[in-house]
2 protein chains.
Amino acid sequence: MPLAIEDIKNASSRIQPFINETPVIQSSLLNDWLGHSILFKAECFQKIGAFKARGACNTVSWLIENNIKPDRIIANSSGNHAQAVAYASSQFNIPSTIYMPAYASKVKVQATQAYGALVDLSENRIITDEKVKQASLDKGTYWIHPFNHEQVIAGQGTAAFEALKQVETIDAICAPCGGGGLLSGTLITTRSLSPKTKVVGAEPLNANDAAESLRQGSIQKLNATPDTLADGAMTMSVGDITFEYLKQLDEFYEVSESRIIYWTQWLTHLLKLHIEPTSAMAMEAAFQWLKTQKNKKRVMIILSGGNIDNITQTALWKNNYLDSIPLLNS
Amino acid sequence: MPLAIEDIKNASSRIQPFINETPVIQSSLLNDWLGHSILFKAECFQKIGAFKARGACNTVSWLIENNIKPDRIIANSSGNHAQAVAYASSQFNIPSTIYMPAYASKVKVQATQAYGALVDLSENRIITDEKVKQASLDKGTYWIHPFNHEQVIAGQGTAAFEALKQVETIDAICAPCGGGGLLSGTLITTRSLSPKTKVVGAEPLNANDAAESLRQGSIQKLNATPDTLADGAMTMSVGDITFEYLKQLDEFYEVSESRIIYWTQWLTHLLKLHIEPTSAMAMEAAFQWLKTQKNKKRVMIILSGGNIDNITQTALWKNNYLDSIPLLNS
């Protein structure tokens, strides 16, 4: 049974005490240049700095609601999901352990610890994945998967749910694709509440397992760790649950690294927000989709988050892309 | 006759249709770490991306109110004042010419032009300053000085005026010092509406003409263009009008380049805002002031703006300062 709008509504009520209602922001200059209205749902202002807080908080409060109070919650992640699970567990005073690879940035390890989690560092991702699997067999331990979990998906769907309440009719809603949790939740919400709105996804060209999967009709895995600045979309493959939703997308774009950098620079400059490169992909998807439109449109972009380590930040600003104004007819 | 709170109130009513009421933002993590409440007035979300829109809009609307409609408005600036005057003039359909040095970043020239101004580029700052002086002699031409002008000061004072309406009692208000317009306006507002609140200023150690002037009791000029990333505070000297206000400051701190970078990185990371290094100086002033306090305090920081060119951005993120958590007792 696929998820329904009721699941999103329940998630929204459940997580309300633990998350921020994030603002919707516009740039009048960008709207002028493109000739369309672009609305940005600023999930960089979400708890832990990314939409992932929604899915983790929903899963933990759903467990409590169903009288399953784990002795320990665990997760494996080097990024936003680590902080999200640490934060969500701490809200219910449940101990958490996050398995992270040693290459995870110190600032992310610090933040995860600051939310009260025990961080278990291993040499590489293969070992962390093995450790979390092993630990999940312990009695009383609950493993929260970053995307292939119905309550995680329902939680991520609350971003679009909130956005559709905040603004008038929109023609398209664009979000980035890592494991597909955010897009799956966005699809469930949008198809129900605003069926005429197109749902558009984007992933890095250098990590295009979802695009390949959609083309081939079956889940495809990347062969090696992808080389992309969009670190929120480095997932090796989508999940069996999320893939079924992703098939319903109206459009899906693969974004080059230079366009990821281009939009990260421009959105930072125009919106005055600290946004991670994963967010910028959704803007490129909107840009490509708008090229195919004849009339003035209103598009919602879900800015996934604002957690960027120093190395990524340096790479993002190495070359200047602000010399070239964004125009659809250039 | 010095300016009074009535001048700030009038400025606030005058500019209301042309500016944004900017939000006040906090970081719970920063508050936890420091043990105080730090409130940030986010002027990076102001029109043109900086508080300067307030002073320019007030001056132009004050001219109109007094039946002085210039044929042309002019200014000399390589930074936020250029965009502010261009924006303010365009709101009243008055042509504007901005004299800028050729080294001004292309993105700032573009933005100034986008607000409808004619940009006159010259080889260096000496020539632009000469040109603007010459042009100001033309009949019907009005020159808006970036800080040493009562209506500019009154306009900048509306940032604190707005902030004091938005939040409960605060113990100190901190702002950066370039020519002193923002601090002068902040002093007038704060002394009147919240006389117990300390007013604290900050300037770059590498451009410490205001600190030197305060020590010597007379206006001191820098000998050469200062080497600082806080490009909003590169002014060679304060003005005779602003200096009289600056003498009333409760504290004034000189901030090293490494502390400017430290706080730019940390505030960007914690607040998820794109803030210019000039803004970060006010946080260091708060940090130094809090070191002298025994009880828990509530401090307001005026984040001056969020316009950063690519070269500055690269310099800001070259080294990683996010490894070292901000703590008062470290």
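We now turn to the structure provided with this report. (Residues numbered from 1 in each chain as written. Chains lettered and ligands numbered in written order. Predicted model: local features only at pLDDT ≥ 70, side-chain atom pairs only at ≥ 80, totals over all residues. Heavy atoms only, no water.)

### Thoughts on the sheet that holds strand β8 (residues 198-204) of chain B
Residues and elements named next belong to chain B. Reading across the sheet, the six strands line up as β1-β2-β10-β7-β8-β9 and stay open at both edges, with mixed pairing between neighbours. Two strands lie at the open edges of the sheet, namely β1 (24-25) and β9 (251-255), each paired on one side alone. Packed on one face of the sheet, helix α9 (residues 209-216) meets β8 and β9 and runs near 140 degrees to β9. (Pairing = 2+ DSSP bridges. Helix = DSSP H or I, 4+ residues; strand = E, 2+ residues; numbered from the N terminus. Contact = heavy atoms within 4.5 Å. Axes fitted to C-alpha atoms, helices over the stretch in contact; angles between N-to-C directions.)

### Description of the side chain of Ser37 of chain B
Topologically, Ser37 of chain B is positioned in strand β2 (residues 37-42). Not counting the four nearest positions on each side in its chain, Ser37 of chain B is found in contact with Gln26, Asn31, Lys296, Lys297, Arg298 and Val299 of chain B.

### Observations concerning the pattern of salt bridges
Any two side chains of opposite charge can pair if their charged atoms end up close together. Taken as a whole and assessed by the stated rule, the structure comprises 24 salt bridges over all chains. Ionic contacts of the salt-bridge type, sharing partners, join the residues Lys41, Glu43, Arg54 and Glu162 of chain A into one network. (Salt bridge = Lys/Arg side-chain N within 4 Å of Asp/Glu carboxyl O.)

### Side note on empty space enclosed by the protein
Scanning the entire structure with this criterion turns up one cavity of 30 Å³ or more. Size it by volume and the largest cavity reaches roughly 80 Å³. Lining the largest cavity are 15 residues, with Thr268, His274 and Gln313 of chain A together with His274 and Gln313 of chain B positioned closest to its centre. Where the lining of the largest cavity is concerned, the elements lending two or more residues are α11 (257-271) and α13 (310-317) of chain A together with α11 (257-271) and α13 (310-317) of chain B. Considering each element in turn, the lining of the largest cavity owes the most residues, three residues, to α13 of chain A. (1 Å grid on protein atoms, 1.4 Å probe; cavity = no way out; pocket = protein on both sides within 12 Å on 5 of 7 lines; lining within 4 Å. Points joined across faces, edges and corners; volume = space filled by probe spheres on them.)

### Quick look at the sheet that holds strand β3 (residues 72-76) of chain B
Residue and element names in this part refer to chain B. Here four strands make up an open sheet; going across it, the order is β5-β4-β3-β6 and the pairing parallel. In this open sheet, the two strands that pair with only one neighbour each are β5 (118-122) and β6 (141-143). Strand-to-strand twist of the sheet, defined as the mean angle between neighbouring strand axes without regard to direction, takes the value 25 degrees.

### What about the packing of helix α1 (residues 5-15) of chain B against helix α3 (residues 52-65) of chain B?
All names here are of chain B. Interhelical geometry of α1 versus α3 gives an angle of 90 degrees and a closest axis separation of 9 Å. Classed by the angle they form, the pair α1 and α3 counts as roughly perpendicular. Residue-level inspection shows Ala11, Arg14 and Ile15 of α1 in contact with α3, the latter providing Arg54, Cys57, Asn58, Ser61, Trp62 and Glu65. Tallied by class, residues from the contact of α1 with α3 come to four nonpolar, two polar and three charged. (Parallel < 35°, antiparallel > 145°, perpendicular 65-115°, else oblique. Nonpolar A, V, L, I, M, F, W, Y, C, P; charged D, E, K, R; others polar.)

### Points about the nonpolar core
Looking at soluble globular proteins, one finds that nonpolar side chains tend to be buried together. Counting residues in hydrophobic clusters, the biggest one holds 92 residues, and the most contacted among them are Leu273 and Ile301 of chain A together with Leu273 and Ile301 of chain B. If we skip the residues at most four places from it in the chain, Ile301 of chain B touches Ile38, Leu39, Phe40, Lys41, Cys174, Ala282, Met283 and Ala286 of chain B. (Core = buried A, V, L, I, M, F, W, Y, C linked by side-chain atoms within 4.5 Å. Buried < 20%, exposed > 50% of the residue type's maximum accessible area, 1.4 Å probe, protein only.)

### Concerning the interface of chain B and chain A
On the side of chain A, 27 residues touch chain B, which itself brings 28 residues to the contact. Of all residues in chain B, the largest losses of buried area upon contact with chain A belong to Lys272, Asn310 and Trp317 of chain B, amounting jointly to 26% of the total for that side. In this assembly, chain B and chain A are joined by zero salt bridges. In this assembly, chain B and chain A are joined by 13 residue pairs in polar contact (both at pLDDT 80 or more). At the level of secondary structure, the elements contributing two or more residues to the side of chain B that touches chain A comprise α5 (106-114), α11 and α13 of chain B. Here the side of chain B that touches chain A gets five residues from one element, more than from any other, and that element is α11 of chain B. For the side of chain B that touches chain A, the residue count by class is eleven nonpolar, 13 polar and four charged. (Buried area = accessible area lost by both parts, 1.4 Å probe. Polar contact = N/O pair within 3.5 Å; in protein donor to acceptor, adjacent residues only side chain to side chain.)

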